[in-house]
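# Commentary on secondary and tertiary structure
So you can see what is in the structure, the chains are spelled out below.
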Amino acid sequence: MNQQPLISVLMPAYNSELYIAEAIESILNQSYQNIELIIFDDGSSDNTRQVIQSFNDPRIVKILSDQNYGVVRARNDMIDRASGQYIALMDADDIADRTRLEKQLRSLEAGECDLCGSAQWVLDEASGKIKKSKDKFTDADLRSLLSVYCGLCNSAMMGKAEIFKRFKYDTTILTSEDYYLWVVMAAAGYRFLNLKERLITYRRYPAQTSSVHLDKFRITTIEVQKKYLELLGISLDFYPRQLPWTKRVSVGSGLLRALNQRFKGISLQANCEIYARFQFRRNGLWTPLMRLERLLVGLWATL
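Structure report, in brief. (Residues numbered from 1 in each chain as written. Predicted model: local features only at pLDDT ≥ 70, side-chain atom pairs only at ≥ 80, totals over all residues. Heavy atoms only, no water.)

## Overview of the side chain of S16
Within the element layout of this structure, S16 appears in the loop between β1 (7-13) and α1 (20-28). Here S16 falls in the buried class, since its relative accessible area comes to 10%. Among the polar contacts listed, one links the side chain of S16 to the backbone oxygen of Y14, at a separation of 3.2 Å. Among all residues touching S16, those that are not within four sequence positions of it are D46, T48 and A92. (Helix = DSSP H or I, 4+ residues; strand = E, 2+ residues; numbered from the N terminus. Buried < 20%, exposed > 50% of the residue type's maximum accessible area, 1.4 Å probe, protein only. Polar contact = N/O pair within 3.5 Å; in protein donor to acceptor, adjacent residues only side chain to side chain. Contact = heavy atoms within 4.5 Å.)

## Describing the nonpolar core
Core analysis: the largest hydrophobic core is formed by 55 residues, its most contacted members being L115, F164, W182, M185 and F192. In terms of residue count, the dominant contributor to this core is helix α7 (residues 177-187) (nine residues). Setting aside residues up to four positions removed in sequence, F192 forms contacts with C113, L115, T138, D139, L142, R143, L152, M157, W182, M185 and A186. Judged by nonpolar contacts, the second largest core, of 35 residues, contains Y32, L105, L108 and L199. (Core = buried A, V, L, I, M, F, W, Y, C linked by side-chain atoms within 4.5 Å.)

## Section: the state of the cysteines
For the structure on display, the rule yields zero disulfides. Free cysteine: C116, not disulfide-bonded; nearest cysteine sulfur from C113 at 4.3 Å. C116 gets classed as buried once you look at its relative accessible area, which sits at 0%. With no disulfide of its own, C150 lies 8.9 Å from the sulfur of C153, the closest cysteine sulfur. (Disulfide = S-S within 2.5 Å.)

## A short note on unusual backbone geometry
The backbone of N15 shows a phi angle near 50°, a positive value even though the residue is not glycine. Checked against the element boundaries, N15 lands in the loop between β1 and α1. The phi dihedral of K168 falls on the positive side, at around 60°, and the residue is not glycine. With respect to the element layout, K168 can be found in the loop between α6 (161-167) and α7. The exposure class assigned to K168 is partly exposed, which follows from its relative accessible area of 25%.

Treat this as a map of the structure, not an account of what it does.
So, in structure tokens, the structure goes:
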């Protein structure tokens, strides 16, 4: 390449022979071209490496490991090697819209955010059906909702390289590593934005880590959520969990109060979603009353 790439796209791969060619092509065919694509083959035992080797584009940096180190180690190694001012994440089984990098770069360079994601298409590999993701878009909503779930798609994220190089992935967290990374960045004050255009097709299939290791994923998710409250200086007494009505009104409203003080401009919908985590999920005669309770508490927090 004749010029320093502005964007480094990081693509870890492990046994991805069925999908990685489409993922690579979706990055190489971007409308914005001043990029490098770093691909880390993490000791694949199928034909992933052969597929990677079939691409000869000079923008590709190939890291070929004969040992499987795991995705966390692979991502950190790629962050170290990235030479761009911005880092974009991309999984080897997803597909990027042709304008993804161009549109995210525009928002980042305009100073609208420090880390930029987008809405997605969700492709169910088993059924072939595709649907729209349910997303939040503003910094206040995204950072407040991290207290109950991660509203950021890994393959849609792009941000300043200096932020990724400062934090990197925690090697002790192996099933919620992305979630924890965003939590640490959000608590440090970095601004998030999701673009409303659907710039990624996220592929969902049974063999994904979150499906295979679901129980462990749930445990580490709880650990990450508690760590977030700790980093924000919010008491763990307010940790979101199902509580009887007599307790959840005070505990749930306490969390909402703390979050709304920290993140100005949280939407009514986001406040309601956070409070819903304190309610028992079941259908029946109480459902309309629970929805009303959720709305009233959400309105109180928003106003």
